[in-house]
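# Residue-level structural notes
In case you want the letters, here they are:
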Amino acid sequence: NAGVTQTPKFQVLKTGQSMTLQCAQDMNHEYMSWYRQDPGMGLRLIHYSVGAGITDQGEVPNGYNVSRSTTEDFPLRLLSAAPSQTSVYFCASSYGWQGAGNTEAFFGQGTRLTVV
Amino acid sequence: GNSVTQMEGPVTLSEEAFLTINCTYTATGYPSLFWYVQYPGEGLQLLLKATKADDKGSNKGFEATYRKETTSFHLEKGSVQVSDSAVYFCALLGGGADGLTFGKGTHLIIQP
């Protein structure tokens, strides 16, 4: 059981470049989300999805796009990378959210992104 | 909106010491509360959870009790080990679909 798989693990971008962070889960979870982790800030929600075809913004969505064409995949796109997007990015999935069955969130191992 | 406040640390203890990491929250309604742990170079793992007032979550010797009257969910362990060194996050799941709200994390260092 692979759980939540994120690729790549590390990435260095130049300012203005674009890239896609991949996230896939094999647990048939409806709910997926992207967080960024910065020192002294904890984890902050970027975007989330409650099912295929449905996405919404979290606390810090600017500069990021998402789509959810399948239940399994939830890629995060940076269209024009900026140094402020240097961070560690985590993808998470869960069966549901508040009150919906097992609310445990499963996290990927993270992508460490540096924008120079 | 929802918020979680926890001591940031780093917290440095000797092996076999008693651990308390404080966590308080602000939320409307009746959130579920969680402690997640992050070991170096890894993602977050659920440590324990409580879904209603007075529930006690426990796992691997760690415990936390959901106290609605004080809006707290403090993490405790009676005797810590070097292997407990990690970053611990308190989090809540509120009534909306916008996911977990995390505290800033507490870096715990256990010295032999």
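What comes next is a walk through the structure.

Cut-off values and rules
Residues numbered from 1 in each chain as written. Chains lettered and ligands numbered in written order. Predicted model: local features only at pLDDT ≥ 70, side-chain atom pairs only at ≥ 80, totals over all residues. Heavy atoms only, no water. Helix = DSSP H or I, 4+ residues; strand = E, 2+ residues; numbered from the N terminus. Rg over C-alpha atoms; globule rule 2.2 N^0.38 Å. Buried < 20%, exposed > 50% of the residue type's maximum accessible area, 1.4 Å probe, protein only. Contact = heavy atoms within 4.5 Å. Buried area = accessible area lost by both parts, 1.4 Å probe. Salt bridge = Lys/Arg side-chain N within 4 Å of Asp/Glu carboxyl O.

### What to know about the overall build of chain B
- The number of helices and strands found in chain B is zero helices and twelve strands.
- Seen in sequence order, chain B has helices and strands lined up from the N terminus as β-β-β-β-β-β-β-β-β-β-β-β.
- Its C-alpha radius of gyration of 13 Å places chain B within 12% of the 13 Å reference for a compact globule of 112 residues.
- For chain B, the C-alpha atoms occupy an extent of roughly 40 × 30 × 20 Å along the three principal directions.

### Considering the environment of S33 of chain A
All names here are of chain A.
- Tracing the chain through its elements places S33 in strand β4 (residues 31-38).
- Classification of S33 as buried rests on a relative accessible area of 2%.
- S33 sits 29 residues away from N62 along the chain, and the two C-alpha atoms are 15 Å apart.

### Quick word on the interface of chain A and chain B
- On the chain B side, the residues contacting the 20 residues of chain A number 23 residues.
- Both sides together, the interface formed by chain A and chain B hides about 1,700 Å², and carbon and sulfur atoms give 57% of it.
- Where chain A meets chain B, there are zero salt bridges.
- Elements represented by at least two residues in the side of chain A that touches chain B include exactly β4 and β5 (42-51) of chain A.
- Top element by residues in the side of chain A that touches chain B is β5 of chain A. It accounts for five residues.

These results come straight from atomic positions and should not be treated as a statement about function.
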